[in-house]
Amino acid sequence: MTTPATEPLFDLLPIGAYRAALDGRLLRVNPAMAQLLGYTSPQEMLKACASHAFCYAQKGRHTQFMAQLYGAGVRDFESVMVRREGRVFVREHAQLLLDADGVAFGYEGALQDGPLAPGPITPETSADALHLQRLQALVDTIPDHVWMIDRQGKYVVANPAFLSVSQMSKDAVLGSTIAQIFESEQAARYVAADMQMMQDKQPILREDTYIDPKTGQTIYTELAKTPLLDTAGECIGLAGIARDITRRKQAEEAFQFKQMQLSTLINSIQDHIWQIDREGYYMLANPAFLDAHDLKLESLLGKSPKDIFGTERGSRYHASNLSVMVNGETLIHDDVAPHPQTGEPMYLELIKTPLKNENGQCIGLVGIARDITPRKLVEVALTQAKDSAEMAERAKAEFLANMSHEIRTPMNAVIGMSDLLMETALSAEQHEFADTIRTSSDQLLSLINDILDFSKIESGHLSLEQVPVALNDCVESALDLTANPATTKGLDLLYWMDDEVPRTVLGDSTRLRQVFVNLISNAVKFTQQGEVVVTLTRRLGSGGEPLMHASVRDTGIGIPADRVDRLFQVFSQVDTSTTRHYGGTGLGLAICKRLVGLMGGRIWVESELGVGSNFQFEIPLHAVQTGPISWSSAGEQALTGRRVLVVDDNATNRRILDLQTTRWGMHPVSVASGEQALNLLAGGEHFDVALLDVQMPGMDGYELARRIRLSHSASKLPLLVLTSQGMDGVRSRELGVAQTLAKPIKSAQLMAALTRVLDRTVAIPIRNVGSQSAPAPLSSMATEPLGSSATTAQPAKAKLADVHPMRILLAEDNLVNQRVAALILQGLGYRIEMAANGEIALQMMHESVLTQAFDLVLMDVQMPQMDGLEATRRIRAELAAGHQPQIVAMTANAMEGDREVCIQAGMNDYLSKPIKPASLAQALTEAASRRAAKMVSIVPSNSY
């Protein structure tokens, strides 16, 4: 039987405990078991679950349980029990209840969701003692401290956990009083509390502490004590349970500390932080949020966005919050709201993140808003500044384009008229005046082009082409453009391209030539005597990529070391004094630096004062595969094995000629003077051909040729003379010179000349890559030797109009430009008709269809009434295909993109003013060819 003294302890047990009849009817459960299985009280559980069998999730588990229990009397089990909301895995300790005769009348057990360590129960003859033993066995498995004392304060029950605190054996504790176990001060406190409780007959539940005797640390406990009453209601003792909650207390303190840290952090953050629950009501907000919206925390909590911000904004915020919580995804966006104090726009960067519980269910939302108003204001200011800068840039570009047009228009007249004037019969003095006007005009035009180029580069309007470029052509054309000033000074202008450099590369031929022209012109300008040498080699970059290395070396005045850094700066010169000897704007090298930079390379200079300078640049090398040069194989066959005598006082030129001729299989012998050459010939040396420099000290090339002719005829030793000071055709013929070549010596021309004199059965054309119909330069024209069959009478030169007859309309509003163009075209044999603007030109085009259509229109762009672009569009739209003329823009618009605009409008070609006769003749020739090809495609072929 159960005695009244033990019943309160049953209910105080922190683990589940039950008592049942042999048929499984539950007689009693304690609160811990009811809570474990999801019930609020033992009464609720007994009402819902009358049988122990109903507690198991597995069908038939209770039958197995009883069989095992009958077999052993005391058993440990592992089972899955039914919980109100789901299931729970438990470890269960159970034992049979036996009467005084040893007959089972029921069973009782304890269960928890952790391991049990039950002890044996020894049956006693006394029912109370037996029950106490069973209860003792039950509480021994409990990890909490469990004890009972009687009315005199003596311990009658103590489990192992309690004994571990007192560090005494069970026998020493049972029957002892509190004062005998604990220290006097602690014992007095416990005794006083216990006596008061037994007097008040009221249970207590509180937290307590004690010092662990093993470690000396403070242990926190959750203490539960309840008085034990007999049937008469008299207190006969008390039962107590103490649970070690030290870890929980430490966790709570750590959690509180973390919360304090988090709260301090959130409150110190200047961003606005808030929390919304699942229904959309505010649960938290930091001071930054409250201050920004002029709110108090108590007026915010439990309110919705509509309550705080009004219907319009609040509804928008509420909808956004619900969307985040429904979708479960973070939302980042910008928002703008009126500032609560000033009403000015307040720009916010919002981040809203769903708040989820341990099961992944969304229970609310956390929002962070950063005030980005200062940044937005800066962005607005930057945008306005950018717009202003772009507007200024557009105005600058328009101004430059207009200035280019306005300057080039009178320049066209100056250059054109001076060209025409110089072709008339003038006295020597008049010719000098006209030549001065022409030269100054060219210098002024060069200055204008430099300024416009630099402006285009600086404004980012300059783009580079990526097309195949013939390097020989590019460098040689640059040398042609700079040859005159070099010849005037008597300088040797030389160049060499290494065999490893590809002859055709990808790049922008115009801009690469511009770099070479600027560097070579600069070298010639600052060199009074000696040489200017251009060299191209192949190098490898730091990453192994191929580079083209170009060098322009001179023997000029050199540059002081402390002024080298000025060279590539805009409008900067080494000598800035008002008495400087050399003029210029200082733009040339600055343009070179920027162009080389656009090509992906770098440029630098090495110089020594009084010795000379070496300007160098490197750009990426992208070779293009091309077919063999037509004259190469034939020329090399004619030259292979031939001996050539090279006579030149310039060591660099001798080296270049040696390398060139060796490349073709020849055997060169080089000497520095005429005397050395004559000694070789006098000594019996045999040569197939000789290359003689004209400008040599002591004995010049012509004198050497005269003395060679005393012993060697023209057929025995052909002579080629090299000069940088113009040609003397009469003297060359007298001396039997086979050909005169102008420096710098071009590889193709030299090969052609050598092949011509050594093997006249091989016809080697002198090829000028990139210009299909350009005449051969003067330096490549042969001077016939004495005895030549060439006739002295030259036929009259045919005019271009005889070769390509066309009816031409000139649309130009400027009277001076009309006159210049008319005179140039007249010189080419053409008679033209004039139109003062695009509207008149369009009308004349329509009228010509009825009589004789115009073949070509030279169209100015900027004209009153109707400009050239609109006139071109109208012509293309309104005239039939068979009456469509070739249209060539002839305009002072020379900015980047002007050509493309003209082509897009329907024009076929583009010429920028000032118009040069040669350029116009070339454009007319190409236009005639295009028109002829077009007419062939339009006229149907004869079917017979």
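Residues numbered from 1 in each chain as written. Predicted model: local features only at pLDDT ≥ 70, side-chain atom pairs only at ≥ 80, totals over all residues. Heavy atoms only, no water.

Asks: Please explain the side chain of Asp688 as it appears in this structure.
Replies: Within the fold, Asp688 resides in the loop between helix H21 (674-682) and strand E25 (689-693). No salt bridge forms around the buried Asp688; measuring N to O, its nearest opposite-charge neighbour Arg642 is 4.4 Å away. Here the side chain of Asp688 touches Arg643 through a polar contact of 2.7 Å, landing on its backbone nitrogen. A distance of 3.5 Å separates a polar atom in the side chain of Asp688 from a polar atom in the side chain of His686. In this structure, Asp688 is in contact with Arg642, Arg643, Leu717, Pro718 and Leu758, ignoring residues within four places of it in sequence. (Helix = DSSP H or I, 4+ residues; strand = E, 2+ residues; numbered from the N terminus. Buried < 20%, exposed > 50% of the residue type's maximum accessible area, 1.4 Å probe, protein only. Lys, Arg positive; Asp, Glu negative; His and termini not counted. Salt bridge = Lys/Arg side-chain N within 4 Å of Asp/Glu carboxyl O. Polar contact = N/O pair within 3.5 Å; in protein donor to acceptor, adjacent residues only side chain to side chain. Contact = heavy atoms within 4.5 Å.)

Asks: I would appreciate a short explanation of the packing of aromatic side chains in the present structure.
Replies: How two aromatic rings sit relative to each other is given by the distance of their centres and the angle of their planes. Evaluated as defined, the whole model comprises nine aromatic pairs. Ring centres 6.0 Å apart and planes at 45° place the aromatic pair Tyr282 and Phe289 in the tilted group. We note that Tyr282, like Phe289, is buried. One aromatic cluster is present, built from ring pairs that chain together Tyr18, Tyr56, Phe65 and Tyr107. The cationic tip of Arg602 hangs over the ring face of Trp604; the distance from NZ or CZ to the ring centre is 3.9 Å. The ring of Phe854 is capped by Arg807, whose NZ or CZ atom sits 4.0 Å from the centre of that ring. (Phe/Tyr/Trp six-rings, centres within 6.5 Å; stacked < 30°, edge-to-face > 60°. Lys NZ or Arg CZ within 6 Å of the ring centre and 35° of its normal.)

Asks: Explain the sheet that holds strand E30 (residues 856-859) to me, please; I cannot follow it from the model alone.
Replies: Adjacent strands of a sheet form backbone hydrogen bonds with each other and so pair up, either parallel or antiparallel. Reading across the sheet, the five strands line up as E29-E28-E30-E31-E32 and stay open at both edges, with parallel pairing between neighbours. The sheet is open, and its two edges are formed by strand E29 (832-835) and strand E32 (909-912), each paired on a single side. Here the strands of the sheet are splayed against their neighbours by 20° on average, with no regard to which way each runs. Of the strand pairs in this sheet, strand E28 (residues 808-811) and E30 are connected by four bridges, and their pairing is parallel. (Pairing = 2+ DSSP bridges. Axes fitted to C-alpha atoms, helices over the stretch in contact; angles between N-to-C directions.)

Asks: Any chance you could explain the environment of Leu879 here in plain terms?
Replies: Relative to the helices and strands, Leu879 is located in the loop between helix H28 (868-878) and strand E31 (886-891). Judged by relative accessible area, which is 9%, Leu879 ranks as buried. Linking Leu879 and Met845, residues 34 residues apart in sequence, is a C-alpha distance of 8.4 Å. Residues in contact with Leu879, not counting those within four places in the same chain, are Met845, His846, Val849, Gln884 and Pro885.

Asks: What should I look at first to understand the sheet that holds strand E11 (residues 272-277) in this one?
Replies: What the five strands build is an open sheet, ordered E12-E11-E15-E14-E13; its pairing is antiparallel. Where the open sheet ends on each side, the last strands, each with one partner, are strand E12 (282-285) and strand E13 (331-338). The sheet shows a mean angle of 25° between the axes of neighbouring strands, direction not considered. Sheet topology places E13 next to strand E14 (residues 345-356); eight bridges connect them, and they run antiparallel. Bridge pairing in E14 links Leu331 to Lys352. Sitting on the sheet, helix H13 (residues 305-327) is in contact with E11, E12, E13, E14 and strand E15 (362-371), with an inclination near 175° to E13.

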